[in-house]
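# Descriptive analysis of the structure
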Amino acid sequence: MSATLGSLLKELMPDWSITVIERRATAGEESSNEWNNAGTGHASLCELNYTVEKPDGSIDISKAIKVNEEFQVSRQFWSYLVNSDLIRNPRDFISPVPHMSFVQGEQDVAFLRKRFEAMSSHPLFQGMEYSDDPAKLAEWIPLMMNDRASNGPIAATRIESGTDVNFGALTRLLFDHLKSKNVEIQYKRQVDDIKRTGDGAWELKVRNVENGAVERRQAKFVFIGGGGGSLHLLQKSGIPEGKGIGGFPVSGLFMVCRNPEIVAKHRAKVYGKASVGAPPMSVPHLDTRVIDKQESLFFGPFAGFSPKFLKFGSMFDLITSVKPHNLVTMLAAGVKNMPLTTYLIKQVMLSKDQRMEALREFVPDAKSEDWELIVAGQRVQIIKDTAAGRGTLQFGTEVISAADGSIAALLGASPGASTAVSVMLEVIARCFPQQVQAWEPKLKEMIPSYGASLAKNPDLVRDLHVSTARTLGLAAAAAEDKKVPAYV
């Protein structure tokens, strides 16, 4: 998020002075890191929790449309960076990988069929296929269909224009670009405090984590994009908009297979349905990942609990985030989310054999020796009072900003990085309202659909999808690899 905002602002105002302060030794070591997430370019092509069956049996795809539009905006900005030679090789961070949804049982098959009918007729989801024929599914997902018992109906949808995104590599590429534009990047620096100055600016207390040296930095505008660590810094700012907000940390684990023989049998991101009581970020999925040009398979995530707000954080992160202004909200959340707490405890207690049993729901002949367990990144879900009641757990991302636009923070998790450009455009609109009109021509150059609804412009959807696929090497790569047909 921070890399994206910096890149947008540097294009809009090249003369502005920008400083990046990062507590780790390099960029993208936390949630953006490629080993800490599944790399799904979230476009609602496969994520079943973005579509809801209403009481009348119809399928509400409004959230899926919103998320897909936001991902298309990200693709446009990445294409602009490539076309402008600000990023050299898009294959360093994005690869074509089909997105699929997979379900079992009569009820879920009926849901998936209705979901397909609702989505496939929409311009944003053209090209989606549906099948409940085991022979066809064996063509699409041979690893998942091998040795599968035929004891009930199964079905899947597939769309070939999906992607795998290495968000860690993209983050590093963006910061390399910013560094070349004279942006100051300070690694191994911790922001210990943020205070308002008498003239309305902000003073940051910055500590060198290696030698403990402290310096004070002042800025007219501050963006807090520290992942799970953002909540503490938002609280230190003291802005009223940050009052009453809490955070609930959820950790994750993946099973990873690097055996080339097995990896070669599966090329897709395949999402299933979450079990009852599971949080949305725990939807099971089997994903092809492309990291440093090497393919592997991820399965998970398995949820867990840690009081840390960052993977490299402190065991006291959760308790120190509880303040007088959010205490009641946090207590209410604890009472309301006992089933979630119970679910997380059960997940933490799972053995590898039990996790392998969950994997075999997707890969029936999976062998334990081919899969290893890795710890993924931390996610901190927002807790706030809403119309739904006190202490409501929010599954999404949210921008919190001061009334005068001088400081903004990003909280929350999924869909996260995939929608970074849209979220940062929201930050720009909120925090720089006087400049936005003058910036509009440049914004439209970077993001051709800026100010327009893709959902209402089918021709624009197709044109932009084709052009960004070509620029990002997706169509060419697909044709060259002969594994994934080009969207065009």
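Reading the values: rules and limits
- Residues numbered from 1 in each chain as written.
- Predicted model: local features only at pLDDT ≥ 70, side-chain atom pairs only at ≥ 80, totals over all residues.
- Heavy atoms only, no water.
- Helix = DSSP H or I, 4+ residues; strand = E, 2+ residues; numbered from the N terminus.
- Rg over C-alpha atoms; globule rule 2.2 N^0.38 Å.
- Buried < 20%, exposed > 50% of the residue type's maximum accessible area, 1.4 Å probe, protein only.
- Contact = heavy atoms within 4.5 Å.
- Areas by Shrake-Rupley, 256 points an atom, 1.4 Å probe, with all protein chains shown as cover.
- Lys, Arg positive; Asp, Glu negative; His and termini not counted.
- Charge placed at Lys NZ, Arg CZ, Asp CG, Glu CD.
- Salt bridge = Lys/Arg side-chain N within 4 Å of Asp/Glu carboxyl O.
- Arc of directions from axis to C-beta.
- Core = buried A, V, L, I, M, F, W, Y, C linked by side-chain atoms within 4.5 Å.
- Polar contact = N/O pair within 3.5 Å; in protein donor to acceptor, adjacent residues only side chain to side chain.
- Pairing = 2+ DSSP bridges.
- Axes fitted to C-alpha atoms, helices over the stretch in contact; angles between N-to-C directions.
- pLDDT = per-residue confidence, 0-100.
- Left-handed = near helix turned anticlockwise from the far one by under 90°.
- Nonpolar A, V, L, I, M, F, W, Y, C, P; charged D, E, K, R; others polar.
- Parallel < 35°, antiparallel > 145°, perpendicular 65-115°, else oblique.
- Phe/Tyr/Trp six-rings, centres within 6.5 Å; stacked < 30°, edge-to-face > 60°.
- Lys NZ or Arg CZ within 6 Å of the ring centre and 35° of its normal.

### What about the overall build of the protein chain?
- The helix and strand inventory of the protein chain stands at 16 helices and 22 strands.
- Relative to the compact-globule value of 23 Å for 488 residues, the protein chain shows a C-alpha radius of gyration of 22 Å, a close match.
- When the backbone C-alpha atoms are referred to their principal axes, the protein chain occupies close to 70 × 50 × 45 Å.
- Counting over 488 residues, the protein chain shows a buried share of 54%.
- The contacts of the protein chain with a sequence gap of at least 6 include a subset with a gap of at least 24, amounting to 71%.
- With the model as given, the accessible surface of the protein chain reaches about 21200 Å², and the carbon-plus-sulfur share is 52%.
- Of the side-chain charges in the protein chain, 56 are positive and 55 negative, and the distance between the mean point of each set is 4 Å.

### Considerations on the pattern of salt bridges
- Counted by the stated rule, this structure contains 25 salt bridges.
- Note that K273 is salt-bridged to D108, the shortest N-O span being 3.6 Å. Taken together, the positions of K273 in the loop between β15 (269-271) and β16 (285-291) and D108 in helix α3 (residues 106-120) put the pair 165 residues apart, joining distant regions of the chain.
- Between D193 and K195 there is a salt bridge, with its nearest N and O atoms 3.8 Å apart.

### So, helix α11 (residues 338-348)
- Among the residues of α11, those classed as buried are L340, Y343, L344 and Q347. For α11, the angular spread of buried residues about the axis comes to 95 degrees, placing them on one side.

### Focus: the nonpolar core
- Counting 75 residues, the largest nonpolar core has F77, W78, F93 and I428 as its most contacted members.
- Not counting the four nearest positions on each side in its chain, F77 is found in contact with S7, L8, V421, M446 and I447.
- Residues C257, V263, M356 and L359 belong to the second largest nonpolar core, which totals 27 residues.

### Details of the environment of G226
- Following the sequence through the fold, G226 ends up in the loop between β13 (222-224) and α7 (230-237).
- Linking G226 and Q434, residues 208 residues apart in sequence, is a C-alpha distance of 27 Å.

### Digging into the side chain of S449
- Mapped onto the secondary structure, S449 falls in the loop between α14 (433-446) and α15 (458-471).
- Among the polar contacts made by the side chain of S449, one reaches the side chain of Q76 at a distance of 2.9 Å.
- When neighbours within four sequence positions are excluded, S449 is seen to be in contact with V73, Q76, L454, L460 and L464.

### Some details on the sheet that holds strand β11 (residues 202-208)
- In spatial order, the strands read β10-β11-β12; together these three strands make up an open sheet with antiparallel pairing. Two strands lie at the open edges of the sheet, namely β10 (189-196) and β12 (214-219), each paired on one side alone. The mean angle between the axes of side-by-side strands here comes to 25 degrees, regardless of whether they run parallel or antiparallel.
- Two strands pair when backbone bridges link them, and β11 and β12 are joined in this way by six bridges, in the antiparallel orientation.

### Comments concerning the sheet that holds strand β21 (residues 397-401)
- Here we have three strands laid out as an open sheet, ordered β13-β22-β21, and mixed in their pairing. With partners counted over all chains shown, the strands left at the sheet margins are β13 and β21, one partner each. Here the strands of the sheet are splayed against their neighbours by 15 degrees on average, with no regard to which way each runs.
- Sheet strands touched by helix α13 (residues 420-431): β13, β21 and β22 (407-412). Its angle to β21, the strand with the most contacts, is close to 20 degrees.

### With respect to the side chain of H99
- Mapped onto the secondary structure, H99 falls in strand β5 (residues 99-104).
- In terms of polar contacts, H99 uses its side chain to reach the backbone carbonyl oxygen of T163, at 2.9 Å.
- In this structure, H99 is in contact with T40, G41, L45, C46, T157, R158, I159, G162, T163 and K269, ignoring residues within four places of it in sequence.

### Re the confidence of the model for the protein chain
- Across the protein chain, the average pLDDT comes to 91, with 96% of residues at 70 or higher.
- Contacts from residues 476-488, a stretch scored under 50 in pLDDT, to residues over four places away or in other chains number 24 contacts.

### What about the packing of helix α1 (residues 2-12) against helix α6 (residues 167-180)?
- Here α1 crosses α6 at 35 degrees, and the two axes come no closer than 9 Å. The interaxial crossing formed by α1 with α6 has left-handed handedness. Contacts between α1 and α6 involve S2, A3, T4, G6, S7, K10 and E11 on the former and, on the latter, T171, L174, F175, H177 and L178.
- By residue class, the composition of the contact of α1 with α6 is four nonpolar, six polar and two charged.

### Here we look at the packing of helix α2 (residues 62-83) against α14
- Relative orientation of the contacting elements α2 and α14 amounts to 90 degrees, with a least axis distance of 8 Å. The pairing of α2 with α14 is recorded here as roughly perpendicular in orientation. Between α2 and α14, the residues in contact are Q76, F77 and Y80 and K442, E445 and M446, respectively.
- Along the lines of polarity and charge, the residues of the contact of α2 with α14 split into three nonpolar, one polar and two charged.

### Some points on α1
- Within α1, 10 of the 11 residues are buried, leaving the element largely enclosed by the surrounding structure.
- Buried within α1 we find A3, T4, L5, G6, S7, L8, L9, K10, E11 and L12.
- Residues of α1 that are buried sit in contact with α2, α6, β13, α13 and α14.

### Focus: the packing of aromatic side chains
- Tallied over the entire structure, the rule returns 15 aromatic pairs.
- Every member of this aromatic cluster is reached through a ring pair, and the members are W16, F221, F432 and W439.
- When the ring centre of F312 is taken as origin, the NZ or CZ atom of R24, which lies over that ring, is 3.8 Å away.
- Residue placement shows R289 over the ring face of F298; its charged tip is 5.2 Å from the ring centre.

### Description of unusual backbone geometry
- Here G300 and P301 are connected by a cis peptide whose omega angle stands at -5 degrees.
- Summarising the element assignment, P301 is placed in strand β17 (residues 294-304).
- Backbone geometry places S44, a non-glycine residue, at a positive phi of 65 degrees.
- Relative to the helices and strands, S44 is located in the loop between β1 (19-21) and β2 (52-53).

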